[in-house]
Amino acid sequence: MAAAEAQAGATALAASVQDFVTGQQDGRAAEVAAGLKDGSWTVLQLIEALGFCLENTDPRMRGRGMQLLSQVLLQCYSLLQEKEVLHLVLFYENRLQDHHLVIPSVLQGLRALSMCEVLSPGLAVSVLKAIFQEVHVQSLLQLDRHTVYSIITNFMGTREEELKGLGADFTFGFIQVMDGEKDPRNLLVAFQIVRDLIAKNYALGPFVEELFEVTSCYFPIDFTPPPNDPHGIQREDLILSLRAVLASTPQFAEFLLPLLIEKMDSDLQSAKLDALQTLTACCAIYGQKELQEFLPSLWSSLRREVFQTASEKVEAESLTALHALAACLSRSVLSSDTEDLLDSFLSSILQDCRHHLCEPDMKLVWPSAKLLQAAAGASLRACHHVTRSVLPLLLEQYTKHPQSSQRRTILEMLLGFLELQQKWGHVEEEESTLLSLQAPVCSVVFSALTDPSVQLQLVGIRALTVLGSLQGFLSPSDLELVVDHLIRLALCEEDSQSSEAAMEAIGSLAPIYPKVFSGRMVPRLEEELQSECEEESSRDRCSVRQRCLQALAAVSTHTSIVRETVPVLLQHLRKVQRGSEAGSAQDIISVCQSLHRVAVQCQQDAGSCWFYHQTVVPCLLAMAVQAAMQESTHPPLGKVLLQEEVLAAMVPVISAATTHLSPELAAQSVSHVVPLFLNGEVSFLPQNSFPCSFQPFQDGECLEAQRRLVALLMAFVCSLPRNVAIPQQEWLLRELLALSCSCNCPFTATTAAKCFAGLVNKHPAGQQLDEILQLAVNRIEPGLVEGLHRTQALTLLLWLLSLLLEALSCSDRVVQLSTLSCLQPLLLEAPQIMSLHVDTLVTKFLSLTSSPTMAVRIAALRCAHALTSLPTIVLLPYKARVIRALAKPLDDKKRLVRKEAVAARGEWFLLGSPGR
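Everything numeric in this text was worked out from a predicted model, so none of it was measured. (Residues numbered from 1 in each chain as written. Predicted model: local features only at pLDDT ≥ 70, side-chain atom pairs only at ≥ 80, totals over all residues. Heavy atoms only, no water.)

### What about the overall build of the protein chain?
Now for step 1: Scanning the protein chain for helices and strands turns up 49 helices and 0 strands.
Now for step 2: Here the protein chain has a C-alpha radius of gyration of 41 Å; the compact-globule value for 916 residues is 29 Å, and the former is much larger.
Now for step 3: Dimensions of the protein chain, computed from the C-alpha atoms along their principal axes, are close to 115 × 95 × 55 Å.
Now for step 4: Classification of the 916 residues of the protein chain by burial places 52% in the buried group.
Now for step 5: Approximately 40900 Å² of the protein chain is accessible, and the part contributed by carbon and sulfur atoms is 52%. (Helix = DSSP H or I, 4+ residues; strand = E, 2+ residues; numbered from the N terminus. Rg over C-alpha atoms; globule rule 2.2 N^0.38 Å. Buried < 20%, exposed > 50% of the residue type's maximum accessible area, 1.4 Å probe, protein only. Areas by Shrake-Rupley, 256 points an atom, 1.4 Å probe, with all protein chains shown as cover.)

Right, dumping it as structure tokens:
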């Protein structure tokens, strides 16, 4: 029986081989490979079966036989035994001397063998030697050349030590393989091989220059991919791959740097950019030994590109390259007998640029400053060298030029060097050039702050901010002067740009000097806020008050300052509330805007956040409750604070004050706020002597003002962390639901709806949530039909819509049915609003038409039908998709489902038809 099976297998193998070789049936290769995998025959049997063609005098026949064997090996190389691999390698090496028509298939077989884990030691070297010796790679087609690169890559990945045993012969062999390669697909692989040769320390021997030449001949890359290129190789891919090669070893420096200088001096912008970017990359691995000979030429080329270039890109890359050169020289470790190349290089730059800073026409001022700053920014040592020479000169020039425009240019240059000093942080006094120039630098900056030119003021403010960030630079008296200048600029400067810039500077410097700003600025701002000047117009007074409020917010960037500013802001808020002058509503809004900014700034510090919350939130609630009660008894007194825009301005204050509370502190706060609204518990409020009880959820016209304060409840509870439990939550939800559906005040109804939706959104899934949703649907459905409260019902539904769309994904079917029954009338009643969610609605409805529950399928089909009431232009992109999806429920086993499917699909078919 076994003999018969073996004979049958041999016969089948012979037939398959015959069909492949002579019948040109390429599919037989897969059958032969499958037989090898399942053990029907062995590799030896396959070679025996191929004997008639492998020994044929016709090279085409031999090539066809080798093609079959190689295709099988590519599918089965992992199954080969070590001895089989040995014999195959020797067999294939011998075939490298065959006719050129056979070679491509031989290389494919060797590629398969190069992936074998059981390759015996020495075979990888043997294969590569044979390829280097017998194959003229660059005469092959692109695919066959790629095969050779793949063989080399495979061996480098698994047989590194063996290949290194070849020494420089391996490098020379690869150079011969790559020399003359033109195809971008192959070049990407070849460049990677060169990178690996260098990165993995293969011996380059005497072939460093040859390896450089065989790769650098492609620099700069000049390649444009053909239209609709299926390989997706871009010019940038080749540029980056080649750059990684050229910048991979200092051994290339003596050959590469002259090439880069040549390309930098060319007229082709792309060549300039590539050369500059490559130089920058090289500086990361070069030392002063590699650069020394070429520094004068490199500096000459870079200087020219900045002084004369018409391209911002080339200028930027030149400055980057100069920075990289100076950084490279800064890294060199100096010995007593070596020249300090950084010192001499910077001296050359100073010699060529420094005098331009003094020229009356100032034509080359900026290019010179950019070059000097690029070099100075390379290291602390470079910064000292350049600023020691340049800063005194700039200070002198500022004094010599009286015009504001020229002074602005000089100060901007000075600012650039100050920012470099800022980069290195605090330095020892004896090392810092800047500290020795403290008095003249401060004098120049302070003079700019008082100049009539707004543009010069702006540069002065930026410079002041940088000086303030340098630890130990400003003296106590300087700091007091800084605060005085910033107050003046923030409050009194007519130009809004200077005022805004001063506010920004206050915010930057206050956390660095909290004592100075809380002790000097806050009292001044408080005094200014409270002062009343008869000589000032009400408009001027209002503007100063606004800026005072903004400045108090801007300075509140440190805990100690916040404790000073928040009481000032709240005190002013109480004062405005008590006042009756026109515009007080805007004043309250302005205070709230400042309070909101302070709240946001406090969010990153837990201590500040809690202080702010427990100080501001009860105060705002107390003032609002007081106003609501006064509205009930003395209408004019509480009117301003209850205006919609004022309450709307208070909402983000409370929200920002609550969002970042810890769960423990949030729970503490919610235990007071919710009982305030449900039970009228006012004991935690400051100044809690109120004329009547607080009952915002009770009926009655006299309580309308109190109901408006639900906006503040909404701001609070919707901002709480999700894991904070809401006391009496079910009661609160029912009250909010009733208020949102029945209140005649649109503002109150809307905020109640928002609050209800926010609480439901945070509610954990379960039976209680299902009951709440069902309760909402029961209130909304009749409301959509009845005219009296239709708007309120629609508003609530809009706020619940996103929640309802999420509920459609729920598996609790009652929720799905409730949600679908809620959405169907909304599609009919509010098509414009629902159009905003059409993509989600289409997806959800169609998915539910396959629900296992018949009632859900019917409801989903009715909603899909109702979708056709939306604007046609919105629906047309979905028409084909919906019609295809609705074909399935046409065959539903339930007649009622089929009926709804027919109706819905019919409407979608008619969508967009004339007259529709």
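On we go.
### Focus on the side chain of Ser556
Now for step 1: Relative to the helices and strands, Ser556 resides in the loop between helix H30 (538-555) and helix H31 (559-578).
Now for step 2: At 2.7 Å, the side chain of Ser556 and the side chain of Thr565 are in polar contact. (Polar contact = N/O pair within 3.5 Å; in protein donor to acceptor, adjacent residues only side chain to side chain.)

### Here we look at unusual backbone geometry
Now for step 1: Note the cis peptide between Phe219 and Pro220, where omega equals -5 degrees.
Now for step 2: Relative to the helices and strands, Pro220 resides in the loop between helix H13 (208-216) and helix H14 (235-246).
Now for step 3: Not every positive phi belongs to a glycine, and Asn201 is a case in point at roughly 60 degrees.
Now for step 4: Its location among the elements puts Asn201 in the loop between helix H12 (184-199) and H13.
Now for step 5: The class of Asn201 is exposed, set by a relative accessible area of 63%.
Now for step 6: Positioned with a positive phi, Gln728 is a non-glycine residue whose angle comes to about 55 degrees.

### Structural notes on the environment of Lys313
Now for step 1: Mapped onto the elements, Lys313 comes out in helix H19 (residues 312-331).
Now for step 2: When near neighbours in sequence (up to four residues on either side) are disregarded, Lys313 contacts Gln269 and Leu273. (Contact = heavy atoms within 4.5 Å.)

### Remarks on the packing of aromatic side chains
Now for step 1: All chains considered together, the criterion is met by 8 aromatic pairs.
Now for step 2: When the centroid spacing of 5.4 Å and the interplanar angle of 70 degrees are considered together, the rings of Phe677 and Phe694 count as edge-to-face. Remark: Phe694 occurs in the loop between helix H36 (663-679) and helix H37 (704-708) and Phe677 occurs in helix H36; sequence separation between them is 17 residues.
Now for step 3: Its relative accessible area of 2% is what places Phe677 among the buried residues.
Now for step 4: Residue class for Phe694 comes out buried when judged on its relative accessible area of 2%.
Now for step 5: Ring pairs connect the aromatic residues Phe132, Phe170 and Tyr202, which therefore count as one cluster.
Now for step 6: Taking the ring centre of Phe20 as reference, the NZ or CZ of Arg64 above it sits at 4.1 Å. (Phe/Tyr/Trp six-rings, centres within 6.5 Å; stacked < 30°, edge-to-face > 60°. Lys NZ or Arg CZ within 6 Å of the ring centre and 35° of its normal.)

### Let's talk about the packing of H13 against helix H15 (residues 253-264)
Describing two packed helices takes the angle between their axes plus the distance from one axis to the other.
Now for step 1: Axis separation between H13 and H15 bottoms out at 10 Å; the angle between their running directions is 30 degrees. Note on element contacts: H15 touches H13 through Phe255, Leu256 and Leu259, opposite Val208, Glu209, Phe212 and Ser216.
Now for step 2: Broken down by class, the residue content of the contact of H13 with H15 amounts to 5 nonpolar, 1 polar and 1 charged. (Axes fitted to C-alpha atoms, helices over the stretch in contact; angles between N-to-C directions. Nonpolar A, V, L, I, M, F, W, Y, C, P; charged D, E, K, R; others polar.)

### A word on the packing of helix H8 (residues 123-134) against helix H9 (residues 142-158)
Now for step 1: Two numbers describe how H8 lies on H9: the axes approach to 11 Å, and their chain directions differ by 155 degrees. When the interaxial angle is binned, H8 and H9 end up roughly antiparallel. Taken as a pair, H8 and H9 cross one another with a handedness that is left-handed. Together, Ala124, Val127, Leu128, Ile131 and Phe132 of H8 and Val148, Ile151, Ile152 and Phe155 of H9 make up the contact between the two elements. (Parallel < 35°, antiparallel > 145°, perpendicular 65-115°, else oblique. Left-handed = near helix turned anticlockwise from the far one by under 90°.)

### Thoughts on the environment of Lys370
Now for step 1: Along the chain, Lys370 falls in helix H21 (residues 365-376).
Now for step 2: The exposure class assigned to Lys370 is partly exposed, which follows from its relative accessible area of 30%.
Now for step 3: Taking the C-alpha atoms as reference points, Lys370 and Pro104, separated by 266 residues in sequence, lie 57 Å from one another.
Now for step 4: If near-sequence neighbours (up to four positions away) are discounted, Lys370 is found in contact with Glu315 and Leu319.

### Examining the pattern of salt bridges
Now for step 1: Considering all chains together, one arrives at 26 salt bridges under this definition.
Now for step 2: Its salt-bridge partner being Arg304, residue Glu305 comes within 2.9 Å of it at the nearest N-O pair.
Now for step 3: Accessibility expressed as a relative area gives 25% for Arg304, which makes it partly exposed.
Now for step 4: Where Arg381 meets Asp340, a salt bridge forms, and the shortest distance between an N and an O atom there is 3.0 Å. Of the two residues, Arg381 is situated in helix H22 (residues 380-400) and Asp340 in the loop between H19 and helix H20 (341-353); the sequence distance between them amounts to 41 residues.
Now for step 5: Taking relative accessible area as the criterion, Arg381 reaches 34% and is therefore assigned partly exposed.
Now for step 6: The structure contains a network of salt bridges with shared partners spanning Asp265, Lys272, Arg304 and Glu305. (Salt bridge = Lys/Arg side-chain N within 4 Å of Asp/Glu carboxyl O.)

### Topic: helix H49 (residues 895-910)
Now for step 1: Here H49 contains 16 residues, and its C-alpha end-to-end distance of 23 Å stays within 8% of the 22 Å for a straight helix at 1.5 Å per residue.
Now for step 2: Burial in H49 covers these residues: Val897, Glu900, Ala901, Ala904, Arg905 and Trp908. Projected onto a plane normal to the axis of H49, the buried residues spread over an arc of 125 degrees and lie on a single side. Opposite the buried face of H49, at more than 90 degrees from it, the exposed residues are Arg895, Lys899 and Val902.
Now for step 3: At its buried positions, H49 is contacted by helix H46 (854-866), helix H47 (872-875) and helix H48 (879-885).
Now for step 4: Phi turns positive one or two residues past the end of H49, at Gly912, with a value near 85 degrees. (Expected span 1.5 Å × (residues − 1). Arc of directions from axis to C-beta.)

### Quick word on the side chain of Glu305
Now for step 1: Note that Glu305 resides in helix H18 (residues 295-308).
Now for step 2: At 2.9 Å, the side chain of Glu305 forms a polar contact with the side chain of Arg304.
Now for step 3: In this structure Glu305 touches Met264, Lys272, Val314 and Ser318, once residues within four positions along its chain are discounted.

### Overview of H21
Now for step 1: Between its first and last C-alpha, H21 extends 16 Å over 12 residues, near the 16 Å set by a 1.5 Å rise per residue.
Now for step 2: In terms of residue burial, H21 counts as a mostly covered element, since 10 of its 12 residues are buried.
Now for step 3: For H21, the complete set of buried residues consists of Val365, Pro367, Ser368, Ala369, Leu371, Leu372, Gln373, Ala374, Ala375 and Ala376.
Now for step 4: Residues of H21 that are buried make contact with H18, H19, H20, H22 and helix H23 (404-423).

### Re a negative patch on the surface
Now for step 1: Together, Glu209, Glu210, Glu213, Glu254 and Glu293 make up a region of like negative charge exposed at the surface.
Now for step 2: Looking at the negative patch element by element, the count peaks at 3 residues for H13.
Now for step 3: Looking at where Glu209 falls in the secondary structure, it is placed in helix H13. (Patch = residues over 30% accessible without salt bridge, like charges linked within 9 Å, V, L, I, M, F, W, Y side chains within 5 Å. Lys, Arg positive; Asp, Glu negative; His and termini not counted. Charge placed at Lys NZ, Arg CZ, Asp CG, Glu CD.)

### Overview of the environment of Thr795
Now for step 1: Tracing the sequence through the fold places Thr795 in helix H42 (residues 790-807).
Now for step 2: Judged by relative accessible area, which is 17%, Thr795 ranks as buried.
Now for step 3: Excluding anything up to four places from it in sequence, Thr795 contacts Thr750 and Ala753.

### Some thoughts on the state of the cysteines
Now for step 1: Within this structure, the stated rule accounts for 0 disulfides.
Now for step 2: Between Cys283, a cysteine without a disulfide, and Cys328, which holds the nearest cysteine sulfur, the sulfur-to-sulfur distance is 5.2 Å.
Now for step 3: Since its relative accessible area comes to 2%, Cys283 is described here as buried.
Now for step 4: In this model Cys609 remains outside any disulfide bridge; the closest cysteine sulfur is found in Cys602, 7.1 Å from its own.
Now for step 5: For Cys609, a relative accessible area of 5% translates into the label buried. (Disulfide = S-S within 2.5 Å.)

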